[in-house]
Amino acid sequence: MAETRTPRGSLLPLACTLLVGTVALYMALVAFSNITDFGTNQQFVRHVFAMDTTFKDEDLMWRAIESKGVQDAAYVLIIVWETVAALLLVAATYFWARSLGHRTFHTARRYSTGGLLMVLLLFGAGFIAIGGEWFVMWQSSDWNGLDAALRVFLLSGVVLLVTYLPTDDRASAAADG
């Protein structure tokens, strides 16, 4: 497949490098913190799954998962997911930075898309939908991560959109001669 080229002087690769790099840094720090300080967010996941700080509505409490083994397995899977997303985004940042000189960014878009979709799924489907609605995390004043999840979800979505801003291939072809 032919690489997409950006017109000379385009700031899109620079913008994508910086924005994807920002999400990559965030995800790398999140994964690093969860690995090196395993217990802090382990407690968060345990409380959300157990639903022990919600309103304890008997119509909803059947959803609670009280098995520490299942809770911890889910937490480990979250950390693995965060780590893989961070690695994809670090690679994407590298390819975006490289595209500044080579004027190609197809590979950077592909890695960005993979990493950003992983972040969107984790924070959108995982934390907002499953944590927020299924485990009614919104009811907890102590263990409610919905605001943080929404911030990351929106940031990642905006960055994904920026990486797909159109380029003018005709201007690129003319500039390349």
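The coordinates are above.
What counts as what
- Residues numbered from 1 in each chain as written.
- Predicted model: local features only at pLDDT ≥ 70, side-chain atom pairs only at ≥ 80, totals over all residues.
- Heavy atoms only, no water.
- Phe/Tyr/Trp six-rings, centres within 6.5 Å; stacked < 30°, edge-to-face > 60°.
- Helix = DSSP H or I, 4+ residues; strand = E, 2+ residues; numbered from the N terminus.
- Lys NZ or Arg CZ within 6 Å of the ring centre and 35° of its normal.
- Salt bridge = Lys/Arg side-chain N within 4 Å of Asp/Glu carboxyl O.
- Buried < 20%, exposed > 50% of the residue type's maximum accessible area, 1.4 Å probe, protein only.
- Core = buried A, V, L, I, M, F, W, Y, C linked by side-chain atoms within 4.5 Å.
- Contact = heavy atoms within 4.5 Å.
- Axes fitted to C-alpha atoms, helices over the stretch in contact; angles between N-to-C directions.
- Parallel < 35°, antiparallel > 145°, perpendicular 65-115°, else oblique.
- Left-handed = near helix turned anticlockwise from the far one by under 90°.
- Nonpolar A, V, L, I, M, F, W, Y, C, P; charged D, E, K, R; others polar.

## So, the packing of aromatic side chains
Reasoning step 1: This model, assessed by the stated rule, comprises 9 aromatic pairs.
Reasoning step 2: Here Phe38 and Tyr75 contribute two aromatic rings whose centre-to-centre distance is 4.7 Å and whose plane-to-plane angle is 55°, an arrangement assigned as tilted. Of this pair, Phe38 sits in helix 2 (residues 38-50) while Tyr75 sits in helix 3 (residues 68-102); the two residues are 37 residues apart in sequence, bridging distant segments of the chain.
Reasoning step 3: Each residue in the set Tyr94, Phe95 and Tyr111 is aromatic and connected to the rest through ring pairs, giving one cluster.
Reasoning step 4: Just above the ring of Trp134 sits the side chain of Arg63; from NZ or CZ to the centre is 4.5 Å.

## Considering the pattern of salt bridges
Reasoning step 1: Evaluation of the coordinates by the stated rule reveals 1 salt bridge.
Reasoning step 2: Residues Arg46 and Asp72 are paired through a salt bridge, measuring 2.7 Å at the closest nitrogen-oxygen approach. Taken together, the residues Arg46 in helix 2 and Asp72 in helix 3 connect sequence positions 26 residues apart.
Reasoning step 3: On the basis of relative accessible area, Arg46 is assigned to the buried category, the value being 17%.
Reasoning step 4: Of the residues examined, Asp72 reaches a relative accessible area of 18% and is grouped as buried.

## Here's the deal with the nonpolar core
Reasoning step 1: In terms of nonpolar packing, the biggest core is built from 38 residues, with Val23, Met27, Leu89, Trp96, Val119 and Phe123 touching the most fellow members.
Reasoning step 2: Of all the secondary structure elements, the ones that give two or more residues to this core are helix 1 (12-36), helix 2, helix 3, helix 4 (106-134) and helix 5 (146-163).
Reasoning step 3: In terms of residue count, helix 3 provides more of this core than any other element does, 9 residues in total.
Reasoning step 4: The residues touching Val23, leaving out its near neighbours within four places in the chain, are Leu89, Leu116, Val119, Leu155, Ser156 and Val159.

## What to know about the environment of Leu29
Reasoning step 1: Of note, Leu29 is situated in helix 1.
Reasoning step 2: Distance in space between the C-alpha atoms of Leu29 and Thr83 is 9.5 Å, their sequence separation being 54 residues.

## Some thoughts on the packing of helix 1 against helix 3
Pairs of packed helices are described in terms of their axes, by the angle between the two and the distance that separates them.
Reasoning step 1: The contact between helix 1 and helix 3 brings their axes to 8 Å, and the two run at 155°. When the axes of helix 1 and helix 3 are compared, the pair comes out roughly antiparallel. In this structure, helix 1 meets helix 3 at a crossing whose hand is left-handed.
Reasoning step 2: Looking at the contact of helix 1 with helix 3 residue by residue, the classes come out as 21 nonpolar, 6 polar and 1 charged.

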